[in-house]
Amino acid sequence: MTYLRLPVEGGADPGEAGRRVFGAAGWRQAHTGRVLDLGGNWQGLHYLITGDPWEGRSPEADIVCGGRLLTEDGNEALGFDIIFLSPDRVKVAADHLSATPFPSRRFDLVAMAEADVQGVQAWGEDARDKLFRPCYDALGRFFTDAADRGEAVFKTMG
């Protein structure tokens, strides 16, 4: 999963913004400093934050899987899904991340495997501190930066 934080003008259609931004070649390079890539570790992080591989309550679920799926608005041609979080939801998620320590208590490889979390077979016990804690910290900084600037967050998968 890759995150992109962007200002979205009041009243602007996020679907149109998604088509414009993500339809351009080299969009990651065009937005240097506004991109965060979690790679294939996104579902493990979602599980640690929410306790579930897919579901969860807001604002926890908004951090990874939650938001408005823009592919319903015609972005299928891009070849990947886009999820949109409005600036108000970004702010709530940022506040949650700032107030909540890394959820290390949920790091249980057996429980994660039983929940069918993608990628769990590749992680060892050191993944909690060497992989997921840095990802969680990076998400906290990313969401705080976006919230401080009143930006929306777009998430891509694919």
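Whatever comes next refers back to the structure up there.
Residues numbered from 1 in each chain as written. Predicted model: local features only at pLDDT ≥ 70, side-chain atom pairs only at ≥ 80, totals over all residues. Heavy atoms only, no water.

Enquirer: So what exactly am I meant to see when it comes to unusual backbone geometry here?
Expert: The phi torsion of most residues other than glycine is negative, and most of the peptide bonds are trans. In this model, Ser58 is joined to Pro59 through a cis peptide bond whose omega is 5°. Structurally, Pro59 can be placed in the loop between helix H3 (42–50) and helix H4 (60–64). Not every positive phi belongs to a glycine, and Asp116 is a case in point at roughly 65°. Considering the arrangement of structural elements, one finds Asp116 in the loop between helix H6 (109–114) and helix H7 (127–148). (Helix = DSSP H or I, 4+ residues; strand = E, 2+ residues; numbered from the N terminus.)

Enquirer: Explain the pairing of strand S4 (residues 81–85) to me, please; I cannot follow it from the model alone.
Expert: In the case of a regular strand, side chains alternate between the two sheet surfaces. Counting buried residues along S4, four of its five residues qualify, which places the element largely inside the surrounding structure. Relative to S4, strand S3 (residues 68–69) runs antiparallel, the two being bridged by two bridges. Bridging from a neighbouring strand, Leu69 pairs with Ile83 of S4. Where S4 lies against strand S5 (residues 152–157), five bridges are found, and the strand directions are antiparallel. Bridge pairing in S5 places Ile83 opposite Lys155. (Buried < 20%, exposed > 50% of the residue type's maximum accessible area, 1.4 Å probe, protein only. Pairing = 2+ DSSP bridges.)

Enquirer: Help me understand the nonpolar core, please; the structure alone is not making it clear to me.
Expert: Across soluble globular proteins, nonpolar side chains have a tendency to be buried as a group. If you look at the biggest cluster of nonpolar residues, it comprises 35 residues, and the most contacted ones within it are Tyr3, Met112, Leu139 and Phe143. Mapped by element, the contributors of at least two residues to this core are H3, H4, helix H5 (87–99), H6 and H7. Here the element with the most residues in this core is H7; it accounts for 10 residues. Once residues within four sequence positions are removed from consideration, Phe143 is found in contact with Tyr3, Asp62, Ile63, Leu85, Val90, Ala93, Ala94, Leu97 and Val153. Residues Leu6, Phe80, Ile82 and Phe154 belong to the second largest nonpolar core, which totals 12 residues. (Core = buried A, V, L, I, M, F, W, Y, C linked by side-chain atoms within 4.5 Å. Contact = heavy atoms within 4.5 Å.)

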